[in-house]
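Here are the chains, one letter per residue:
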Amino acid sequence: MRLLLTDSGIKNASIHDALVGLLGKPVAESSALCVPTALHAQKGGAVLAARAISGDLAPMAQLGWKSLGVLELTALPSVGEDLWVPMVREADVLLVEGGDPMFLCHWMRESGLADLFPTLDDTVYVGLSAGSMVMTPRIGEDFVRWSLPGGGDTTLGVVDFAIFPHVDYPGMASNTMAHAEKWAATMPMRAYAIDSETAIKVIDGDVEVISEGNWRLLNP
């Protein structure tokens, strides 16, 4: 699986070019599945999910895909795998929206989607905020809101680094680079602090930062 871990979606030409490079073909020739699950664990989640699917939240769903479906992870345990696994395998890209990373992590595991990841060699995974953070080993206690009994901040660990998103984002007063440095001091791994114009591309473990904005590697 090839990863494009974004802060705020496909926000600029550099990130768009990286996406097309990962796909190996134009967006207009590619099929996508949108995963809005993480949005349901926050206020107004149902409305936000509808906006994400319509492309009204961030540049993800409305990029001009050949086809676009919705993969709601909370529904998958109630239906047979024969109804959704082939759909995932046939999709060119998974568009995993933001919201609550721990809620998303839980449902990725509970639904069985996380178990498929090692077999999706030809799939491109595009994460946005929580959709990116869930692929890291841990998110840090600062970002834990929804949690399982027993707590914790452990996520899927598909990549070996952590992500602090939304650096200097308007309305998020605590999301400064200085705060990111304090957060990184609690994380036993390298970490990237990224802003809305930045994404992290991962292919076979090789990491490349794609940015027209502000980012920093912490704990190198």
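This text follows the structure it describes.
For clarity, every value in this text was computed on a predicted model and none was experimentally measured.

What counts as what
Residues numbered from 1 in each chain as written. Predicted model: local features only at pLDDT ≥ 70, side-chain atom pairs only at ≥ 80, totals over all residues. Heavy atoms only, no water. Helix = DSSP H or I, 4+ residues; strand = E, 2+ residues; numbered from the N terminus. Buried < 20%, exposed > 50% of the residue type's maximum accessible area, 1.4 Å probe, protein only. Areas by Shrake-Rupley, 256 points an atom, 1.4 Å probe, with all protein chains shown as cover. Lys, Arg positive; Asp, Glu negative; His and termini not counted. Charge placed at Lys NZ, Arg CZ, Asp CG, Glu CD. Polar contact = N/O pair within 3.5 Å; in protein donor to acceptor, adjacent residues only side chain to side chain. Contact = heavy atoms within 4.5 Å. Pairing = 2+ DSSP bridges. Axes fitted to C-alpha atoms, helices over the stretch in contact; angles between N-to-C directions. Salt bridge = Lys/Arg side-chain N within 4 Å of Asp/Glu carboxyl O.

Enquirer: Describe the overall build of the protein chain, naming the residues involved and giving the relevant values.
Expert: A count of helices and strands for the protein chain gives 7 helices and 10 strands. C-alpha extents for the protein chain along the principal axes are approximately 45 × 40 × 35 Å. By residue count, 52% of the 220 residues in the protein chain fall in the buried class. Total accessible area on the protein chain stands at roughly 9500 Å², and carbon and sulfur atoms take up 51% of it. Charge centroids of the protein chain, computed over 14 positive and 27 negative side chains, lie 4 Å from each other.

Enquirer: Just give me the short version of the side chain of Asn12, but keep the residues and values in it.
Expert: Along the chain, Asn12 falls in the loop between β1 (2-6) and α1 (13-23). Among the polar contacts made by the side chain of Asn12, one reaches the main-chain amide nitrogen of Ser14 at a distance of 3.2 Å. Excluding anything up to four places from it in sequence, Asn12 contacts Glu197 and Glu212.

Enquirer: A description of the sheet that holds strand β10 (residues 215-218) should follow, citing residues and the corresponding values.
Expert: Read from one edge of the open sheet, 3 strands run β6-β7-β10, paired in mixed fashion. For this open sheet the edge positions go to β6 (162-164) and β10, each flanked by a neighbour on one side alone. Across the sheet, the mean angle separating the axes of adjacent strands is 20° when strand polarity is ignored. Pairing analysis gives 4 bridges linking strand β7 (residues 191-194) to β10, with the strands arranged antiparallel. Considered in β10, the bridge of Tyr192 is made with Leu217. Sheet strands in contact with helix α7 (residues 177-184) are β6, β7 and β10, and its direction is about 20° off that of β10.

Enquirer: Can you explain the side chain of Asp195? Please cite residues and give values.
Expert: Among the secondary structure elements, Asp195 is positioned in the loop between β7 and β8 (198-203). Reaching out from Asp195, the side chain makes a polar contact with the side chain of Thr198 at a distance of 2.7 Å. From its side chain, Asp195 meets the backbone nitrogen of Asn214 in a polar contact 2.7 Å long. The residues contacting Asp195, other than those within four sequence positions of it, are Asp7, Val167, Gly213 and Asn214.

Enquirer: So what's going on with the pairing of β7? Which residues, and what values?
Expert: Neither face of β7 is left uncovered, since the one carrying Ala191 and Ala193 and the one carrying Tyr192 and Ile194 both have all their residues buried. Note: β6 against β7, 3 bridges, orientation parallel. The residue of β7 that forms the bridge with Ile163 is Tyr192.

Enquirer: Give me the pattern of salt bridges: which residues, what numbers.
Expert: When their charged atoms lie close together, side chains carrying opposite charge are able to pair. Summed over all chains, the structure comprises 6 salt bridges. Here Arg216 and Glu181 are joined by a salt bridge, their closest N and O atoms 2.3 Å apart. Residue Arg216 is found in strand β10, and its partner Glu181 is found in helix α7; the two are separated by 35 residues along the sequence. Overall, the relative accessible area of 35% leaves Arg216 in the partly exposed class. Residue class for Glu181 comes out partly exposed when judged on its relative accessible area of 38%.

So yeah, pure geometry; function would need other evidence.
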